[in-house]
Structure formats: C-alpha cells, structure tokens
Amino acid sequence: MPPFKKTLAAQRERALAVVRKLEAEYPEATCSLEYREPLHLLIATILAAQCTDARVNIVTKTLFKQYRSAADFASAPEGELEEAIRTCGFYRQKAKSIREACRDIVGRFEGRVPGTMDELLQLRGVGRKTANVLLAECFEPAGVIVDTHCRRLSNRLGFTTSGDPAKIERDIMKLLPLDHWRMYSHCLVFHGRAVCNARSPKCSQCVVRELCPFPAAPEGRKIGK
Ligand code: SF4
C-alpha cells in the first residue's frame, strides 16, 4: 500500500472518508449509558470510569428513583450513596465526585447542569472527557470524546501521534467537521470492540482497511498501541 499523504487537506479527506464508512457500518453507534436528562448522564458518566456501561445502567435504574435532583445527590447521607453505587467500583471516590459536582450545580447553576465546556469544567470532579460526553449528547459538541478506543484507533489510523487525550481531541477537531465529532467517538468504540481490538486487530475484516496506514498485522499477533 503506498504511503498516505500527510498534508492537512489529504488527512482531512481521509478522516472524512473513514468516519463516513464507520457511520455506515455502525448506524446504531450511540452512547450506551441510559439517561433521561443531563443530570442522569453526568452521574452515569462518573460511575462508568473503570466500570462497564451495562453495570452502570443496572445501578442507575434504581439510583435515579432514589435521588431525583442535583440537590438530592448533594445532600445524600454519608454511606447511603456509597452503598447504592458500590457495585460500580471505586465507590467512595465516585460518591465524593457526585456529591461535589451536584453541590456545585446547586450552588452555582441553580440546580441545572450547565451546557458549556467552561461551565462544566467548573464542576468539581468533571474533566474534559465527561464534559465532552455531556456536550455531545445533550448540548452542542465542543470537542471529541477521547476514551481508550478513540486513543488507540486514532493513533493506528494516523490521525494523531499523541497519547494525551487533550492533544488527540485537538488533532481530531482539526481534521473533522463538527457534525461528525459525536459519531466519530461512538463509532470508534463500536469498531474498537468488534474489529480493531487492542491486542489483535482483525484488519482483514475491517471496512476502513484501505484507508488505514497501520501495518496490517496478521490476526492473532500480539501488538502494541
Ligand atoms: S485496518 Fe486494522 S489497524 Fe486499521 S482500523 Fe482497521 S482493524 Fe484497526
């Protein structure tokens, strides 16, 4: 396969072709956390760190009946919230993050989850990844959600050479128009789970193989990044 051109225009063209193919392959790609309002998604995203979305959805089904507002979470009795989310792991730290973020929502934003990156980053315990999930799903995207799949695949596809989520986010934003940011992240999660796994990417089954500069590793071979 000839090397891909590295000019910005060529990279943009290739990135757009990749995302269009992935969108066609995974039309159902979406956020797998269940929520009915921004507060739910904020809580679910905090719980999803180092935990499966399926487990989080089981926990939040009950949790969101028990606590209905940011004020409820902010004043949750010590120990009670921890017990309710225990099966999500790291429950003490996650309960602290939920309480603190909800206290900020009540104290500074009149009980409503704010809808801009700057405001979301003012909430204790909320970083860029959580803020980007909120913005992509509930408001106006301000960036790209960079999780482990996005990091790995964006590197393999040659859209970034960085391991730093903030730099990867900037690199992808330079290559893709805003209306593809959300689906780029979701499709990479689906593609990363189904085909482009961390250890053994199934390049021969990959719909973007012709657009990918990553050395076509024989399936089953153990590889790095
Ligand atoms: S060709 Fe291989 S490395 Fe490239 S995106 Fe597809 S599965 Fe991943």
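Residues numbered from 1 in each chain as written. Predicted model: local features only at pLDDT ≥ 70, side-chain atom pairs only at ≥ 80, totals over all residues.

## Topic: the overall build of the chain
Okay, so step 1: Secondary structure assignment for the chain yields 11 helices and 0 strands.
Okay, so step 2: Secondary structure elements of the chain, listed N to C terminal, follow the sequence α-α-α-α-α-α-α-α-α-α-α.
Okay, so step 3: The C-alpha atoms of the chain give 19 Å as radius of gyration, which agrees with the globular expectation for 225 residues (17 Å, within 12%).
Okay, so step 4: Once the C-alpha set of the chain is aligned to its principal axes, its extents read approximately 60 × 35 × 30 Å.
Okay, so step 5: Looking at the chain as a whole, 35% of its 225 residues are labelled buried.
Okay, so step 6: Long-range contacts, defined here as pairs at least 24 residues apart, represent 56% of the contacts in the chain between residues at least 6 apart. (Helix = DSSP H or I, 4+ residues; strand = E, 2+ residues; numbered from the N terminus. Rg over C-alpha atoms; globule rule 2.2 N^0.38 Å. Buried ≥ 20, exposed ≤ 12 C-beta atoms within 10 Å, placed from the backbone. Contact = placed C-beta atoms within 7 Å.)

## Here we look at helix 2 (residues 38–47)
Okay, so step 1: Burial runs high along helix 2: 8 of the 10 residues are buried.
Okay, so step 2: Taken together, the buried positions of helix 2 are Leu39, Leu41, Leu42, Ile43, Ala44, Thr45, Ile46 and Leu47.
Okay, so step 3: Considering only its buried residues, helix 2 is in contact with helix 3 (53–66), helix 4 (70–74), helix 5 (80–85), helix 6 (91–108) and helix 8 (128–138).

## Let's talk about helix 6
Okay, so step 1: Taking 1.5 Å per residue, 18 residues should reach 26 Å; helix 6 reaches 25 Å between its end C-alpha atoms and fits that length.
Okay, so step 2: Listing the buried residues of helix 6 in full gives Lys94, Ala95, Ser97, Ile98, Ala101, Cys102 and Ile105. Axial view of helix 6: buried residues confined to an arc of 160°, hence all on one face. Among the exposed residues of helix 6, those pointing more than 90 degrees away from its buried face are Arg92, Gly107 and Arg108.
Okay, so step 3: Residue Glu110 follows helix 6 closely and has a positive phi angle near 55°. (Expected span 1.5 Å × (residues − 1). Arc of directions from axis to C-beta.)

## Some details on the environment of Ala15
Okay, so step 1: Along the chain, Ala15 falls in helix 1 (residues 8–25).
Okay, so step 2: Among the residues examined, Ala15 registers 23 C-beta atoms within 10 Å and is labelled buried.
Okay, so step 3: Sequence separation between Ala15 and Gly89 is 74 residues; the distance between their C-alpha atoms is 36 Å.
Okay, so step 4: With residues near it in sequence (within four places) discarded, Ala15 still touches Phe159, Leu175 and Leu176.

## Re the packing of helix 9 (residues 148–156) against helix 11 (residues 181–194)
Pairs of packed helices are described in terms of their axes, by the angle between the two and the distance that separates them.
Okay, so step 1: Between helix 9 and helix 11, whose axes approach to 8 Å, the crossing angle comes to 85°. In terms of orientation, helix 9 lies roughly perpendicular with respect to helix 11. Between helix 9 and helix 11, the contacting residues are His149, Cys150, Arg152 and Leu153 on the first element and Ser185, Leu188, Val189, His191 and Gly192 on the second.
Okay, so step 2: Taken together, the residues of the contact of helix 9 with helix 11 break down into 4 nonpolar, 4 polar and 1 charged. (Axes fitted to C-alpha atoms, helices over the stretch in contact; angles between N-to-C directions. Parallel < 35°, antiparallel > 145°, perpendicular 65-115°, else oblique. Nonpolar A, V, L, I, M, F, W, Y, C, P; charged D, E, K, R; others polar.)

## Thoughts on the packing of helix 2 against helix 8
Okay, so step 1: Following both chains from N to C, one finds helix 2 and helix 8 inclined at 145°, their axes separated by 10 Å at the closest point. Two packed elements cross with a definite hand, and for helix 2 against helix 8 that hand is right-handed. Where helix 2 abuts helix 8, its residues Pro38, Leu41, Leu42, Thr45 and Ile46 lie against Thr130, Val133, Leu134, Glu137 and Cys138. (Left-handed = near helix turned anticlockwise from the far one by under 90°.)

## What to know about the domain arrangement of the chain
Okay, so step 1: For the chain, the assigned domains are domain 1 (8–30 + 145–211) and domain 2 (38–138).
Okay, so step 2: Each side of the interface is counted separately: domain 1 has 8 residues, and domain 2 has 5 residues.
Okay, so step 3: When contributions to the side of domain 1 that touches domain 2 are tallied by element, the ones reaching two or more residues are helix 10 (165–175) and helix 11.
Okay, so step 4: By residue number, the principal contributor to the side of domain 1 that touches domain 2 is helix 11, which donates 3 residues. (Domains from an automatic or database assignment.)

## As for the environment of Asn155
Okay, so step 1: Inspection of the secondary structure puts Asn155 in helix 9.
Okay, so step 2: On the basis of neighbour count, Asn155 is assigned to the partly exposed category, with 18 C-beta atoms found within 10 Å.
Okay, so step 3: In this structure, the C-alpha to C-alpha distance between Asn155 and Ile168, residues 13 residues apart in sequence, is 8.7 Å.

## Focus on the nonpolar core
Okay, so step 1: Ranked by size, the top nonpolar core spans 54 residues in total, and within it Leu42, Ile43, Leu47, Ile98 and Leu134 carry the most contacts.
Okay, so step 2: Built from parts of two domains, this core gets at least three residues from each of domain 1 (8–30 + 145–211) and domain 2 (38–138).
Okay, so step 3: Other than its neighbours up to four places away in sequence, Leu47 contacts Val56, Val59, Ile85, Cys88 and Lys94. (Core = buried A, V, L, I, M, F, W, Y, C linked by C-beta atoms within 7 Å.)

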